[in-house]
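Summary of the model geometry
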Amino acid sequence: MKLQQTFVVARPEDDVWAFFHDIPAVTACLPGAEYLGDKGDGVYAGKMSMKVGPFQASFDGEANVAYDDAARTVTMQGKGVDKKGASRGKMSMVCNLTHAEGGTGVAIDADVQLSGAIAQFGRTGIIHEIANVLIADFVRNVEARLPAGGGAATGDGVEADDDKGQGAVPPPAPRPVGGLKLLMLSLLGLVRGLFGRKG
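Residues numbered from 1 in each chain as written. Predicted model: local features only at pLDDT ≥ 70, side-chain atom pairs only at ≥ 80, totals over all residues. Heavy atoms only, no water.

So, about the overall build of the protein chain. From N to C terminus, the protein chain includes five helices and seven strands. Its helices and strands taken in sequence order, the protein chain reads β-α-α-β-β-β-β-β-β-α-α-α from the N to the C terminus. A burial count over the protein chain gives 43% of its 199 residues as buried. Entry remark: accessible area of the protein chain is about 10,900 Å², with carbon and sulfur atoms responsible for 56%. (Helix = DSSP H or I, 4+ residues; strand = E, 2+ residues; numbered from the N terminus. Buried < 20%, exposed > 50% of the residue type's maximum accessible area, 1.4 Å probe, protein only. Areas by Shrake-Rupley, 256 points an atom, 1.4 Å probe, with all protein chains shown as cover.)

Right, here's the structure in full:
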């Protein structure tokens, strides 16, 4: 399953690129994600939790992250397992930063492979809808974490280049992606699937 996303972060490109090197801070901005540690050689451990209606999953896994500073590109290879629900996921992703009007343009090109109970959401197109929700929340959290006047924030929420010594407000503690919004997306995806089969 291919996922492509483009969005703009209303902050300077240099600040956003520096921020993307801070894995704990980036993880903290992604709803449902939890940073579990640096395993060395560009490999990081983490957890991703989600809840859509009665379906719940918590994926423990790791990702290999590489940076191309010249091209301002991040490459990631990740995998995770939900031990309780017997679901598995793998993802390869390329994220490219460019200058954009009003801030920094970010383009994401990902290939996702799902198996087990979660695979049903891939078939109904809900994964695409969930990705849209996550990206919107992620952008808001990044903009809240990076000061509008420039200067990146570190992983503990302390601004690196703030002369006043006051950091940006960190995003909320990790919690599963879920609630009414994703339940509605689930129902919407099922309806689309039914009409798709009838057509």
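Alright, that's what it looks like, and here's the rest.
Overall, the predicted model of the protein chain reaches an average pLDDT of 79, with 70% of residues at or above 70. Low pLDDT (under 50) marks residues 152-174, which in the prediction has 47 contacts with non-local residues, meaning those over four places away or in another chain. (pLDDT = per-residue confidence, 0-100. Contact = heavy atoms within 4.5 Å.)

Alternating residues of strand β1 (residues 2-9) divide into Leu-3, Gln-5, Phe-7 and Val-9, all buried, and Lys-2, Gln-4, Thr-6 and Val-8, none buried. Pairing of β1 with strand β7 (residues 103-115) involves eight bridges; the strand directions are antiparallel. Looking at β7, one finds that Lys-2 is bridged to Asp-111. (Pairing = 2+ DSSP bridges.)

Before going further, it helps to examine helix α4 (residues 126-145). With 20 residues, α4 extends 28 Å from end C-alpha to end C-alpha; this agrees with the ideal 28 Å at 1.5 Å per step. The buried count for α4 comes to 14 of 20 residues, which makes it a mostly enclosed element. (Expected span 1.5 Å × (residues − 1).)

What follows is about the nonpolar core. In terms of nonpolar packing, the biggest core is built from 28 residues, with Phe-20, Cys-95, Val-106 and Ile-108 touching the most fellow members. The element that contributes the greatest number of residues to this core is α4, accounting for five residues. Leave out the neighbours within four places in its chain, and Cys-95 touches Phe-20, Arg-72, Thr-73, Val-74, Val-106, Ala-107 and Ile-108. Membership of the second largest hydrophobic core comes to eight residues, among which are Met-50, Phe-59, Ile-130 and Leu-134. (Core = buried A, V, L, I, M, F, W, Y, C linked by side-chain atoms within 4.5 Å.)

Although it is not a glycine, Asp-41 adopts a positive phi angle of roughly 55 degrees. Structurally, Asp-41 can be placed in the loop between β2 (33-40) and β3 (43-52). Judged by relative accessible area, Asp-41 falls into the exposed class, the value being 78%. Of note, Arg-72 is a non-glycine position whose phi angle comes to about 55 degrees, a positive value.

Scanning all chains against the criterion turns up one cavity of 30 Å³ or more. Taken as a whole, the largest cavity encloses approximately 1,400 Å³ of empty space. Leu-30, Met-48, Met-76, Met-91 and Met-93 are, among the 46 residues lining the largest cavity, the residues nearest its centre. The biggest single contributor to the lining of the largest cavity is strand β4 (residues 55-68), with seven residues. In terms of residue class, the lining of the largest cavity is made up of 33 nonpolar, seven polar and six charged. (1 Å grid on protein atoms, 1.4 Å probe; cavity = no way out; pocket = protein on both sides within 12 Å on 5 of 7 lines; lining within 4 Å. Points joined across faces, edges and corners; volume = space filled by probe spheres on them. Nonpolar A, V, L, I, M, F, W, Y, C, P; charged D, E, K, R; others polar.)

As for its placement among the helices and strands, Arg-72 is situated in the loop between β4 and β5 (73-82). At 2.9 Å, the side chain of Arg-72 and the side chain of Asp-14 are in polar contact. Once residues lying within four places of it in the same chain are set aside, the contact partners of Arg-72 are Glu-13, Asp-14, Trp-17, Cys-95, Asn-96 and Leu-97. (Polar contact = N/O pair within 3.5 Å; in protein donor to acceptor, adjacent residues only side chain to side chain.)

With that settled, the discussion passes to the packing of aromatic side chains. By the definition in use, this model includes three aromatic pairs. Ring centres 6.5 Å apart and planes at 45 degrees place the aromatic pair Tyr-35 and Tyr-44 in the tilted group. Since its relative accessible area comes to 28%, Tyr-35 is described here as partly exposed. By relative accessible area, Tyr-44 is classed as buried at 18%. (Phe/Tyr/Trp six-rings, centres within 6.5 Å; stacked < 30°, edge-to-face > 60°.)

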